[in-house]
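An overview of the molecular structure
Each chain, letter by letter, is given below.
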Amino acid sequence: MPGSKSVTNRALVLAALASEPGWLRRPLRSRDTLLMADALRALGVGIEEQVGSGGGEVWRVIPAGLHGPARVDVGNAGTVMRFLPPVAALADGPVRFDGDPRSHERPLHGVIDALRALGARIDDDGRGALPMTVHGSGSLAGGRVRIDASSSSQFVSALLLSAPRFNKGLELRHVGGALPSLPHIRMTVDMLRAAGAKVDSPGAGGEPDVWRVAPSALLGQDLTVEPDLSNAAPFLAAALVTGGTVTVRDWPSRTTQPGDALREIFTLMGGSCERDERGLTFTGSGRIKGIDVDLREVGELTPVIAAVAALAGSASELRGVAHLRLHETDRLAALAAEINGLGGDVTETEDGLRIRPRPLRGGVFHTYEDHRLATAAAVIGLAVKGVEVENVATTAKTLPEFPELWTAMLDGTGGPSVARGL
Ligand SMILES: O=C(O)C1=C[C@@H](OP(=O)(O)O)[C@@H](O)[C@H](O)C1
Ligand SMILES: C=C(OP(=O)(O)O)C(=O)O
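Note that this is a predicted model, so its numbers are computed, not measured.

Rules and cut-offs
Residues numbered from 1 in each chain as written. Chains lettered and ligands numbered in written order. Predicted model: local features only at pLDDT ≥ 70, side-chain atom pairs only at ≥ 80, totals over all residues. Heavy atoms only, no water. Domains from an automatic or database assignment. Contact = heavy atoms within 4.5 Å. Buried area = accessible area lost by both parts, 1.4 Å probe. Salt bridge = Lys/Arg side-chain N within 4 Å of Asp/Glu carboxyl O. Helix = DSSP H or I, 4+ residues; strand = E, 2+ residues; numbered from the N terminus. Buried < 20%, exposed > 50% of the residue type's maximum accessible area, 1.4 Å probe, protein only. Axes fitted to C-alpha atoms, helices over the stretch in contact; angles between N-to-C directions. Parallel < 35°, antiparallel > 145°, perpendicular 65-115°, else oblique. Left-handed = near helix turned anticlockwise from the far one by under 90°. Nonpolar A, V, L, I, M, F, W, Y, C, P; charged D, E, K, R; others polar. Pairing = 2+ DSSP bridges. Near = heavy atom within 4 Å. Polar contact = N/O pair within 3.5 Å; in protein donor to acceptor, adjacent residues only side chain to side chain. Areas by Shrake-Rupley, 256 points an atom, 1.4 Å probe, with all protein chains shown as cover.

**A short note on the domain arrangement of the chain**
When the domains of the chain are assigned, the result is domain 1 (5-222) and domain 2 (233-413). Taking only C-alpha atoms, the centre of domain 1 and the centre of domain 2 are 29 Å apart. Each partner contributes residues to the interface: domain 1 has 25 residues there, and domain 2 has 21 residues. Regarding the contact of domain 1 and domain 2, the summed buried area is about 1,800 Å², with carbon and sulfur atoms giving 48% of it. Run the count over domain 1 and domain 2 and you get four salt bridges.

In structure tokens:
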């Protein structure tokens, strides 16, 4: 698996805000991470792409004064549209943010309102969404702020990542419904601490839903990016739905990535896994069990889990993921429409999906420019003849090599080739 999107884009932001150059080894090269790198370059940061001594890719990040005017294309990358406005507030001029049409619909109010409360000037059209201009003044006061981050954990991560550079640091309080994607917030806190920041976080005696970051310099680091465990989902699912075996190399023994939960979820769904020096080996038993599970913490795994659930021997209930309606597409509506389009029986609930397996037939699986819809469709295509994945190139958001990796995996196991449908 290529590197993690979430780790790569956090590492780029932290390296750009550091007081000395840093290195990023095995970064993910995909649409979302290249948009992040280009945006930071537009603000004045140096990012040199090099080849490491072992032949792998290495990016050298050279922090510099952050300058406007600049333009940032966020594409449809949540990490770019949320993590960079606080960085732009530290630049010394206007920074214009825009992106794909879908980026105008994805929530950003938590970041915009918080930055205004912390002293930034922002022009938007009043909807709390893109497009907008952040009028950086070279520094941000910082201090105390309250936000409702129930629609995206990325609001919290965004403010924390830049907080060491705010004059007074940050005290951030989440007020509102349950926070999604907590492992991603833990990833932010861990990476900030590794860069030398002082962060107090909820849990272990900390106040619930409150984070504090002290003002400080950030260190330049030499960081190796972990493989993307969320993008490992369709590959592990392949073992589950075919009764085969798949090994994902270099599975980390300790990680904040939500994809690590796949070991438990897919084991409950009928497989088994083993970790050794090669990585994580997952084996399907030939039987797939339905599952009743709260996926709030690991929402981005939902599309592939839904695909597996549609092929199971019993019903599933996926809960806690209402916020997926605001992801790359409305993922709950899209999964229900596409699985039902193949003859399935999926209904949307208030906060998730109810999936009753039925024999599926071939057909076009529309992907709504959503990488995770495309990989979910490929999983169904392993078990159902004639499934065609529309626009598989949309996987370029986080895994441009998906079609080649998928085909190579199937060749490696001697399984049926679905390359034609891809
Ligand atoms: O911080 C991150 O890297 C991410 C956080 C999550 O966002 P939400 O909390 O908006 O779901 C996740 O779904 C997204 O793919 C990546
Ligand atoms: C929700 C996702 O992405 P983003 O970072 O654009 O929010 C995702 O990758 O599943």
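**Section: the pattern of salt bridges**
A full pass over the atoms with the stated rule returns 28 salt bridges. Between Arg25 and Asp222 there is a salt bridge, and its shortest N-O distance comes to 2.8 Å. Highlighted residues: Arg25 in strand S1 (residues 22-25) and Asp222 in strand S12 (residues 222-224), separated in sequence by 197 residues. Arg25 sits in the partly exposed class, given a relative accessible area of 29%. The class of Asp222 is partly exposed, set by a relative accessible area of 46%. As a salt-bridge pair, Glu348 and Arg325 come within 2.9 Å of each other at their nearest N and O atoms. With Glu348 in strand S18 (residues 345-349) and Arg325 in the loop between strand S17 (316-319) and helix H10 (331-341), this pair connects stretches of sequence that are 23 residues apart. Overall, Arg325 belongs to the partly exposed group, its relative accessible area being 24%. In this structure, a network of salt bridges that share partners links the residues Arg29, Asp38, Arg41, Glu49 and Glu57.

**Examining the packing of H10 against helix H11 (residues 371-383)**
Between two packed helices, both the angle of their axes relative to each other and the distance between the axes serve to describe the pair. Relative to each other, H10 and H11 sit at 30 degrees, their axes nearing to 11 Å. Accordingly, the angle class assigned to the pair H10 and H11 is roughly parallel. H11 is crossed by H10, and the crossing has right-handed handedness. Counted together, Arg331, Ala334, Leu335 and Ile339 of H10 and His371, Arg372, Leu373 and Ile380 of H11 form the full contact between these two elements. Tallied by class, residues from the contact of H10 with H11 come to five nonpolar, one polar and two charged.

**Some points on the sheet that holds strand S11 (residues 210-213)**
Spatially, the four strands line up as an open sheet ordered S8-S9-S11-S10, and their pairing is mixed. Edge strands, defined here as strands with exactly one partner in the open sheet, are strand S8 (143-147) and strand S10 (199-200). Most of the contacts of helix H5 (residues 154-162) go to strand S9 (residues 170-174), to which it runs at about 175 degrees, and overall it touches S8, S9 and S11.

**Examining the side chain of Ser153**
Among the secondary structure elements, Ser153 is positioned in the loop between S8 and H5. Excluding anything up to four places from it in sequence, Ser153 contacts Pro180, Ser181, His184 and Ile185.

**Brief notes about the site of ligand 2**
Neighbouring ligand 2 are 14 residues, the closest being Lys5, Gly78, Arg106, Arg372 and Lys397. A distance of 2.6 Å separates an oxygen atom of ligand 2 from a polar side-chain atom of Arg372. Protein coverage of the free-state accessible area of ligand 2, which is 300 Å², stands at 97%. Those elements that place two or more of their residues in the shell around ligand 2 are helix H3 (78-88) and H11. The class makeup of the residues in the shell around ligand 2 is one nonpolar, six polar and seven charged. Residues lining the shell around ligand 2 come from more than one domain, with at least three contributed by each of domain 1 (5-222) and domain 2 (233-413).

**Let's talk about H10**
Inspection of H10 places Arg331, Leu332, Ala334, Leu335, Ala336, Glu338 and Ile339 among the buried residues, and these make up the whole buried set. For H10, the N-terminal capping position is held by Asp330, with its side-chain oxygen 3.2 Å away from the main-chain nitrogen of Leu332. Positive backbone phi, approximately 105 degrees, marks Gly343, located one or two places after H10.

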